[in-house]
Amino acid sequence: MKRNLILTAAAMVLVGSFAFAKEATLIDFTKLTADSIPNADGQNTQNSRTVMDYSVAAGATFTNEQKSLMKTSLAIPNWEVVLNSSAKNPQALALSTTKAARVREGSEQPFAGSDVLGVRVVFPTWNNNANAKIVPPFDIQAYEPLADADENGVRGEQTDEQKGKYLFEDGYGLITNVGTIKAISCYTMGMNFPHQLYVLLKDNDGVERRYYMGSLLFDGWKQLQWNNPDYISEVRTREIRVYPIYPRGTPYVKFAGFQITRDASDIGDNFVGYFKDVKVIYDEAVLKTERDIADEDLWGIITKKEKARQNLEMSRFGNKQVNRYLEQQKMATEDTFTSSGVEDSGSTKQ
């Protein structure tokens, strides 16, 4: 009798937690405008909310001035286009890129006047299956604590209101406490290309999955949606699993990019597309309730575990960015040769 009463109480808690799926914005590109760290021309190059300093992974051979330049962010021009082997050629690698695309002020869209993600991909013109991934400049950090950065990208200390929050939440690429995903949407502008669109998500186990959003063969703005075919709305038919509430880490999903696939039978050459946001409807993994004892304040297990994962993430991210910085410093910046003599201004140049 006592066992049945306990099971009934547990079922009632689960029913309450599954009653309503939650909607959240995973990433909103209108928030990723470059607003800090100006270049020599006075133009801002980084997004202050998402700026990351990877000089912590640099060695002692770098000067302080060099380390001060080792910053990047999720600003739209920093995103990358990664072509598969069938699509790679020198021209495609050089021209496939991302840009901040300004939506005209007179548009009927509520985000008129804001920047969205603009993508150009050069696919092969011959009959060949090809695909391209549009990925962030670094793996979005799941455990980076929320703190404000100044115009030079220097991040300060957390305020009391920011404690317990993460930098990439609230539309910057991360959603925490995610259980079963019910649906995913992507608001994109089609240009009548017959290519297919996928959204890439990565979970707290580091597993990356792709979700088919649909064809881009349409003109204008459209909300593409993936619905989970295995989602069970009736709680009585679900396979219920109960996990310890503490110290189990909170599961999450983070945005890993888009994938655009081109079939061999479809038109190749240039592809151009625009993306505004990605949203997710999901069940909460843990039912949030106010507890009588502050478990984490007492034991500190999750803090220690997440700090170790954060340091590992930062190390991987920093090493990659430092190598890119070194490669950039070695690149040739000259476009023309210096003259070996005094040219005759009256001569005819071929």
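Residues numbered from 1 in each chain as written. Predicted model: local features only at pLDDT ≥ 70, side-chain atom pairs only at ≥ 80, totals over all residues. Heavy atoms only, no water.

Quick word on helix α5 (residues 301-330)
Between its first and last C-alpha, α5 extends 44 Å over 30 residues, near the 44 Å set by a 1.5 Å rise per residue. Of all the positions in α5, only Ile-302, Glu-306, Gln-310, Glu-313, Met-314, Phe-317, Gly-318, Gln-321, Val-322 and Tyr-325 are classed as buried. (Helix = DSSP H or I, 4+ residues; strand = E, 2+ residues; numbered from the N terminus. Expected span 1.5 Å × (residues − 1). Buried < 20%, exposed > 50% of the residue type's maximum accessible area, 1.4 Å probe, protein only.)

Re the confidence of the model for the protein
Taken over all residues, the pLDDT of the protein has a mean of 84, while the share at 70 or more is 88%. Counting contacts from residues 1-19, a segment whose pLDDT is below 50, to residues more than four positions away or on other chains yields seven contacts. (pLDDT = per-residue confidence, 0-100. Contact = heavy atoms within 4.5 Å.)

Regarding the layout of surface pockets
There is about 770 Å³ of room inside the second largest pocket. Contributing to the lining of the second largest pocket are 19 residues, with Gln-46, Tyr-54, Lys-71, Asn-78 and Gln-328 lying nearest its centre. Mapped onto the lining of the second largest pocket, the elements with two or more residues apiece are β2 (36-38), β3 (44-46), β5 (71-72) and α5. Residue classes in the lining of the second largest pocket are distributed as seven nonpolar, nine polar and three charged. (1 Å grid on protein atoms, 1.4 Å probe; cavity = no way out; pocket = protein on both sides within 12 Å on 5 of 7 lines; lining within 4 Å. Points joined across faces, edges and corners; volume = space filled by probe spheres on them. Nonpolar A, V, L, I, M, F, W, Y, C, P; charged D, E, K, R; others polar.)

A closer look at the environment of Arg-309
Considering the arrangement of structural elements, one finds Arg-309 in helix α5. For the pair formed by Arg-309 and Tyr-143, sequence separation is 166 residues and the distance between their alpha carbons is 7.4 Å. Excluding its chain neighbours within four sequence positions, the residues that come into contact with Arg-309 are Tyr-143, Asn-204 and Tyr-252.

Observations regarding the packing of aromatic side chains
Applying the stated criterion across every chain, the model contains 15 aromatic pairs. Here the aromatic rings of Phe-111 and Trp-221 are separated by 5.2 Å at their centres, their planes lie at 80°, and the arrangement is edge-to-face. Of this pair, Phe-111 sits in the loop between β7 (97-102) and β8 (115-123) while Trp-221 sits in strand β14 (residues 219-227), placing them 110 residues apart in sequence. For Phe-111, a relative accessible area of 8% puts it in the buried group. The exposure class assigned to Trp-221 is partly exposed, which follows from its relative accessible area of 22%. Both rings, one in Tyr-211 and one in Trp-226, keep their centres 4.7 Å apart while their planes meet at 65°; by these two values the pair is edge-to-face. You can see Tyr-211 sitting in strand β13 (residues 208-215) and its partner Trp-226 sitting in strand β14, a full 15 residues away along the chain. Assessed through its relative accessible area of 16%, Trp-226 is described here as buried. Members of the aromatic cluster, joined through ring pairs, are Phe-29, Trp-79, Phe-255, Phe-258 and Phe-275. A cation over a ring is seen here: Arg-210 above Tyr-198, with NZ or CZ 3.9 Å from the ring centre. (Phe/Tyr/Trp six-rings, centres within 6.5 Å; stacked < 30°, edge-to-face > 60°. Lys NZ or Arg CZ within 6 Å of the ring centre and 35° of its normal.)

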